[in-house]
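# Close look at the chain arrangement
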Amino acid sequence: MDLKQESMEMRRRHGGILTTQLKVPMNDRHDLAVAYTPGVAEPCLHIKDEEDLSFSLTLRGNVIAVISDGTRVLGLGDIGAAAAIPVMEGKSAIYRRFAGIDALPVVIDTKDPEEFIRTVKLLEKNYAGINLEDISSPKCYDIEDRLIEEMNIPVFHDDQHGTAIAALAAVLGGLRFVKKELSRVKIVINGAGAAGTAIANMLLAAGAKNMTMLNSKGILHDDGRLNRVQKDIVERINPEGRTGTFRDAIEGADVLLGISTANAFKPEDMKLLAADSIVFAMANPVPEIMYDDALAAGVKVCGTGRSDMPNQVNNSSVFPGLFRGAIDVRSRRINMEMKLAAAYALADLVSDDELRADNVVVDVFDERVPKAVAKAVAEAAIQTGVARLTELPETYRD
């Protein structure tokens, strides 16, 4: 049985992969009276007087909504809201498995950004945070920006920022292995969509200075057809309006990141890179270049998005701990400082003794990952003033 058949059979057998369960007994009339009426009136009245108590007196404090409109699902494209549920359910299962968060899949059956935004805002009081997922660009930028501005809980588009945090951590690990500095290397990003632009912003925030981005037409420059996010990045990394091909861009590059399409990088292309080059080919399920092919072509460090190859760049190492830390201090948002803290925490988990060409990225199943990310994110939230709580919870203290 292949993975596709196994996935179908598992969901048929179980009716999906999520359920809910009680935290308290409900075995007799007394239990029912405490959990429901008349006892339930008391927490209702307390929350009426102090709304933030909803985070500690109800499930809200540990619930994330994984929300999509189904317009850009994995590599499947615009398949509709209902067809997106399995992905949202899978993402919710990852939250539960790695961070103990009760995430719930939510799909909204509209392609209208305003209707989507209004619906999510109306749902705010149910959740501690919002994970946006599988929304097509460029509308995903406007949706996220509006929701961040207009809501009082963290909103995070994981396709953009989770991938960017994982990519930055991978780059930092690779650079540490080849003994190069982020501020001095030449970086090329192939792919100018939501994930690619988020990676560029993360790298710039971390101190990268020399960066080139490409789309399917070549080096990204202001040709009058860029969306607002692409235009902002081009103004910072290509103000002179350089043009050229993929091969022009990668010549002498120290780091090449692929957020594009399968087999986009050829072995002969890799020979144009600088000595001790780093390539992270993150297209899924087939990367821009296969791991073994990249090494055979002379690349020093390679990683992909695949779990069957070394150095997997996987946002599953990011979002569980990121939201764990954010909701544990009741953060109002996830800012750049929190994202950088997550990336540095991930990169630091690979010690100098463990650092090898095939081990510059920490394994997603390393039990330290969500804890380290959560603590770093929670501390950054407190330090930057976006957390409702001003001290770490007891469970975070050594």
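So, a few notes on the structure that sits alongside this text. (Residues numbered from 1 in each chain as written. Predicted model: local features only at pLDDT ≥ 70, side-chain atom pairs only at ≥ 80, totals over all residues. Heavy atoms only, no water.)

### Points about the side chain of N227
Inspection of the secondary structure assignment puts N227 in the loop between β7 (218-219) and α10 (228-237). For N227, the side chain forms a polar contact with the main-chain nitrogen of Q230, separated by 2.9 Å. The residues touching N227, leaving out its near neighbours within four places in the chain, are P138 and Y141. (Helix = DSSP H or I, 4+ residues; strand = E, 2+ residues; numbered from the N terminus. Polar contact = N/O pair within 3.5 Å; in protein donor to acceptor, adjacent residues only side chain to side chain. Contact = heavy atoms within 4.5 Å.)

### Focus on the sheet that holds strand β2 (residues 104-107)
With respect to topology, four strands assemble into an open sheet ordered β2-β1-β3-β4, the strand pairing being parallel. The outermost strands of the open sheet, each flanked by one partner alone, are β2 and β4 (155-157). Neighbour to neighbour, the strand axes of the sheet diverge by 25° on average, direction disregarded. Its contacts with the sheet put helix α7 (residues 139-150) on β3 (129-132) and β4, and the angle it makes with β4 is roughly 165°. (Pairing = 2+ DSSP bridges. Axes fitted to C-alpha atoms, helices over the stretch in contact; angles between N-to-C directions.)

### Structural notes on the nonpolar core
Counting 106 residues, the largest nonpolar core has I130, I187, L203, L257 and F280 as the members making the most contacts within it. Broken down by element, this core gets its largest block of residues, 11 residues, from helix α8 (residues 158-178). With sequence-adjacent residues up to four places away left out, I130 is seen in contact with A65, I67, V120, M151, I153, P154, V155, F156 and F323. Formed by 20 residues, the second largest nonpolar core is a distinct cluster that contains L214, I219, F246 and A297. (Core = buried A, V, L, I, M, F, W, Y, C linked by side-chain atoms within 4.5 Å. Buried < 20%, exposed > 50% of the residue type's maximum accessible area, 1.4 Å probe, protein only.)

### Things to note about the packing of helix α14 (residues 319-328) against helix α16 (residues 368-383)
In the contact formed by α14 and α16, the axes pass within 7 Å of each other and the chain directions differ by 40°. With respect to α16, the element α14 is oriented oblique. Relative to α16, the crossing made by α14 is right-handed. Facing G321, L322, R324, G325 and A326 of α14, the residues of α16 in contact are P370, V373, A374, V377 and A378. In the contact of α14 with α16, the residues fall into seven nonpolar, two polar and one charged. (Parallel < 35°, antiparallel > 145°, perpendicular 65-115°, else oblique. Left-handed = near helix turned anticlockwise from the far one by under 90°. Nonpolar A, V, L, I, M, F, W, Y, C, P; charged D, E, K, R; others polar.)

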